[in-house]
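Listed here are the chains, written in short residue letters.
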Amino acid sequence: MAVRSLSRSLRGISAVVALLAVGAVGCSEVVDNAKDGAKKVARQRSVFSLNPGDCYNPNGKATEGEAVAIEVVPCAEPHQAEVVGEFTLDEGKTFPGNDAIWAIADERCPAEAQKFSPDTWALPKGVEIFYYTPTSESWATGDRAVSCSYTQETGKLTGSLKAGPEASKPEQTAYLKGANAVYEALWTTQPEAENVEEDLDGYKAQAKAVAAALDTHIAGMKDIKGVETGKLRAQLEKIAGHWKKAANAADADAFYVAYDPAFTGLDPNGTVAARKELGLATTVPADDAEVWAG
């Protein structure tokens, strides 16, 4: 998924209510607008006070470095974002720079989001990860917090994205933990070189990481009962074998021979039956579908 980052400001935006002079009795629209404005102002909060589970609307389009306040709203109301996690940067006194902080957030926020909503297939289309990070000014005051959110770039969300009690079933948790780790290993270790010949060692390292994640996933599925889950586990064992061959390929040609069935074997469409059996979402996310279709 795409990641957008915004910097916290040293101070939140002060909320100001413009009082409208009503020139005639019975101007209900003006009165209603004034009430809505007052309600919005009452909900204004600094980004420093965000907590996991808060649903909110940013105040317009903020850019890096701007002062930012947000409107916190009940999750049952339409909203643009929900805080899914937070963490504290373990850094020294010197501001490490935006790029360094964003690199950490790029890694940590997806992990926080997965803990909040383990089944990414169940997320609405168009949901992306978004975060607030310290600026150099706020850093000097002791700010080390990063707030991670799911945000809807177009349209609005309704209701919380937090996983419900049904997602805490042991078999679901075990499956999702393993499956998420496999795809994380695949995409986070992707070499920058487009061709295997340009970085054979990098591609072999990726294959080794994916094979290891698959082995862990398969072991985690061992105690999950179900016909379709059993079929998927057997299939994943074969796929893991292809990744191991790719990891030990003597040259680029041998790598390609192993990589083709290794990669295509991870097609998420092949997991739909097992997911249905486990009571998980069964619609392949559009981004994943596009990758494997290509």
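Read on for a plain summary of the structure. (Residues numbered from 1 in each chain as written. Predicted model: local features only at pLDDT ≥ 70, side-chain atom pairs only at ≥ 80, totals over all residues. Heavy atoms only, no water.)

### Quick word on the state of the cysteines
Stated precisely, the cut-off is as follows: Note on disulfides: each one is a pair of cysteine sulfur atoms within 2.5 Å. Helix numbering and strand numbering both begin at the N terminus, where a helix is a DSSP run of H or I of at least 4 residues and a strand a DSSP run of E of at least 2. Under the scheme applied here, a residue whose accessible area is under 20% of the maximum for its type counts as buried, over 50% as exposed, and between as partly exposed, the area being computed with a 1.4 Å probe on protein chains only.
Tallying each qualifying case throughout the model produces 2 disulfides. A sulfur-sulfur distance of 2.0 Å marks the disulfide that ties Cys 55 to Cys 75. Classification of the bridge connecting Cys 55 and Cys 75 rests on its S-S torsion, roughly 95 degrees, and on that basis the disulfide is right-handed. Taken together, the residues Cys 55 in strand E3 (residues 55-58) and Cys 75 in the loop between strand E4 (69-73) and strand E5 (81-88) connect sequence positions 20 residues apart. Residue Cys 55 shares its accessibility class with Cys 75, and that shared class is buried. Disulfide pairing is shown between Cys 109 and Cys 148; the S-S distance is 2.1 Å. Its S-S torsion of approximately -70 degrees makes the covalent link between Cys 109 and Cys 148 left-handed. Placement of the pair is Cys 109 in helix H2 (residues 98-116) and Cys 148 in strand E7 (residues 145-152), with a sequence separation of 39 residues.

### What to know about the environment of Val 127
Secondary-structure assignment places Val 127 in strand E6 (residues 127-133). Judged by relative accessible area, Val 127 falls into the buried class, the value being 6%.

### What about the side chain of Asn 180?
This is how it is decided: Working rule for contacts: check all heavy atoms of both residues, and any pair within 4.5 Å makes them a contact.
Along the chain, the position of Asn 180 falls in helix H4 (residues 170-188). On the accessibility criterion, Asn 180 (13% relative accessible area) is buried. Those residues in contact with Asn 180 that lie beyond four places of it in its chain are Gln 114 and Pro 118.

### So, the packing of helix H5 (residues 200-220) against helix H6 (residues 227-247)
Relative placement of two packed helices is described by the angle separating their axes and the distance separating the axes. As a reminder, the rule being used: Lines fitted to C-alpha atoms define the axes, with helix axes restricted to the stretch in contact, and inter-axis angles between N-to-C directions lie between 0 and 180 degrees. Comment on the angle field: the value is read as roughly parallel under 35 degrees, roughly antiparallel over 145, roughly perpendicular from 65 to 115, and oblique elsewhere. By convention, the crossing between two helices is left-handed when the near helix turns anticlockwise from the far helix through less than a right angle, and right-handed when the turn is clockwise.
Between H5 and H6, whose axes approach to 8 Å, the crossing angle comes to 155 degrees. Judged by the inter-axis angle, H5 sits roughly antiparallel to H6. Where H5 crosses over H6, the two elements pack in a sense that is left-handed. Within the contact between the two elements, H5 uses Lys 204, Ala 207, Lys 208, Val 210, Ala 211, Leu 214, Asp 215, His 217 and Ile 218 and H6 uses Arg 233, Leu 236, Glu 237, Ile 239, Ala 240, Trp 243, Lys 244, Ala 246 and Ala 247.

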